[in-house]
Amino acid sequence: MARVANVWQRWGLLRLMSLHFSQAQQRFRHLITQPRLDLAATALCLAQEVYLDLDPSSYYQQLDAIADTISPHLSAYPLKTIQAINQQLYAELGFSGNQINYYDPDNSYLNRVLERRLGIPITLALVYLEVSQRLDFPMAGVGMPGHFLVCPTVENMAVYVDPFNQGNVLFEADCQAIFHQLYGANAAWNAAYLKPISPKLLLARLLNNLKLIYLNQRNLSRTLVILNYLLLLFPNEPGNSRDRGLVHYQLQNLLAARSDLETYLVHSPNATDRDQILQLLDNITDNL
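Let me begin by describing the structure that accompanies this report. (Residues numbered from 1 in each chain as written. Predicted model: local features only at pLDDT ≥ 70, side-chain atom pairs only at ≥ 80, totals over all residues. Heavy atoms only, no water.)

### Regarding the packing of helix α11 (residues 238-250) against helix α13 (residues 274-287)
Where α11 meets α13, the closest approach of the two axes is 12 Å, and the angle between their N-to-C directions is 35°. Viewed along their axes, α11 and α13 form a crossing whose handedness is left-handed. Between α11 and α13, the residues in contact are Arg242, Leu246 and Tyr249 and Ile277, Leu280, Asn283 and Ile284, respectively. Taken together, the residues of the contact of α11 with α13 sort by class into 5 nonpolar, 1 polar and 1 charged. (Axes fitted to C-alpha atoms, helices over the stretch in contact; angles between N-to-C directions. Helix = DSSP H or I, 4+ residues; strand = E, 2+ residues; numbered from the N terminus. Left-handed = near helix turned anticlockwise from the far one by under 90°. Contact = heavy atoms within 4.5 Å. Nonpolar A, V, L, I, M, F, W, Y, C, P; charged D, E, K, R; others polar.)

Have a look at this one:
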């Protein structure tokens, strides 16, 4: 009977947690199940958690307007199309990488990137991808370690675009040089770093950036929101269950902390921190 009661208790907790999804999280959960993931729409869900009066339609219109301005200058030659996109985004509109305050959270929110025309590699890449998609010019994100790029998905065309640095066109050797600047001359390069990644993985990288920013700021409530999104995106990622459990614990949400930490141990029975987590679970049980 105790086991049955425990199951019902957990079901009740999960149901309670689902009822507390914000409208933005509910929309995000719907969007990530669609056959074609709308990056702009999902990214703006994150922004609505911070900017409560945000109207997503105005930002879709901005992206549409950028693409409409570029459209007459499209070319049958991909490099000329990239040049036309770069001319509008960087020369005309003044988009640039935020070199001065790189870890400002606003650099990771699409609405603020479009308003300030300032961002980090992944959000400027997101703008680039959204514009190119509206132009029917197929491009994908490239999740190179330390620096996010985009590339045209044109057969036999191995070039990369650096949205953070004015849309510079790069070849593999250039990307490798950037990698070695970031990680040192002896760091092992892998050509797989330049493979296109899925929109879901792009979102995960954006969310992980925000997670680290908020953790460094000791902003636990915002960290918790980002972890909710990460677990909506990839529900079976044990590390995020552990991290959310630890944040819940620090916020004294003990039932939620216990649920997340137990989930972590179920999915990672041989975790190196298993003993510490078990000790923390005992502490939680003692305080319930």
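### Focus: the packing of aromatic side chains
All chains considered together, the criterion is met by 8 aromatic pairs. Relative to Tyr183, the ring of Phe179 lies with its centre 5.1 Å away and its plane at 40°, an arrangement referred to as tilted. Taken together, the residues span about one helical turn, with Phe179 and Tyr183 both in helix α8 (residues 172-183) at a distance of 4 residues. On the basis of relative accessibility, which here comes to 4%, the residue Phe179 falls in the buried class. Relative accessible area serves as the criterion here: at 45%, Tyr183 is assigned to the partly exposed category. Note on Phe179 and Tyr193: the rings are 5.3 Å apart at their centroids and 40° apart in plane angle, and the pair reads as tilted. Here Phe179 is found in helix α8, whereas its partner Tyr193 is found in the loop between α8 and β7 (196-197), with 14 residues between them in sequence. Owing to a relative accessible area of 28%, Tyr193 belongs among the partly exposed residues under this scheme. (Phe/Tyr/Trp six-rings, centres within 6.5 Å; stacked < 30°, edge-to-face > 60°. Buried < 20%, exposed > 50% of the residue type's maximum accessible area, 1.4 Å probe, protein only.)

### Here's the deal with the environment of Ile277
With respect to the helices and strands, Ile277 occurs in helix α13. By relative accessible area, Ile277 is classed as buried at 5%. Dropping the residues within four chain positions of it, Ile277 is found in contact with Arg242, Leu246, Leu261, Tyr264 and Leu265.

### Structural notes on helix α7 (residues 121-134)
Taking 1.5 Å as the rise per residue, α7 with 14 residues should run 20 Å; its terminal C-alpha atoms sit 20 Å apart, in good agreement. Burial analysis of α7 places 12 of its 14 residues in the buried class, the great majority of the element. Backbone geometry just after α7 places Asp136 at a positive phi near 55°. (Expected span 1.5 Å × (residues − 1).)

### Observations concerning the pattern of salt bridges
Pairing of side chains with opposite charge becomes possible as their charged atoms draw close. Enumeration over the complete set of coordinates arrives at 9 salt bridges. For the salt bridge of Arg116 with Asp104, the shortest nitrogen-to-oxygen distance reads 3.3 Å. Of this pair, Arg116 sits in helix α6 (residues 110-116) while Asp104 sits in the loop between β1 (96-97) and α6; the two residues are 12 residues apart in sequence, bridging distant segments of the chain. Between Asp243 and Arg242 there is a salt bridge, and its shortest N-O distance comes to 3.1 Å. Taking relative accessible area as the criterion, Arg242 reaches 24% and is therefore assigned partly exposed. (Salt bridge = Lys/Arg side-chain N within 4 Å of Asp/Glu carboxyl O.)

### Some points on helix α5 (residues 78-92)
Taking 1.5 Å per residue, 15 residues should reach 21 Å; α5 reaches 20 Å between its end C-alpha atoms and fits that length. Where α5 bends most, the angle comes to about 25°, and this point is Asn86. Those residues of α5 that sit buried are Thr81, Ile82, Ala84, Ile85, Asn86, Gln88, Leu89 and Tyr90. Contacts from the buried residues of α5 go to α4 (56-70), α7, β4 (149-152), β5 (160-162) and β6 (168-170). Backbone geometry just downstream of α5 places Gly94 in the positive-phi region, at approximately 80°. (Bend = angle between axes of the 7 residues up to and from the residue.)

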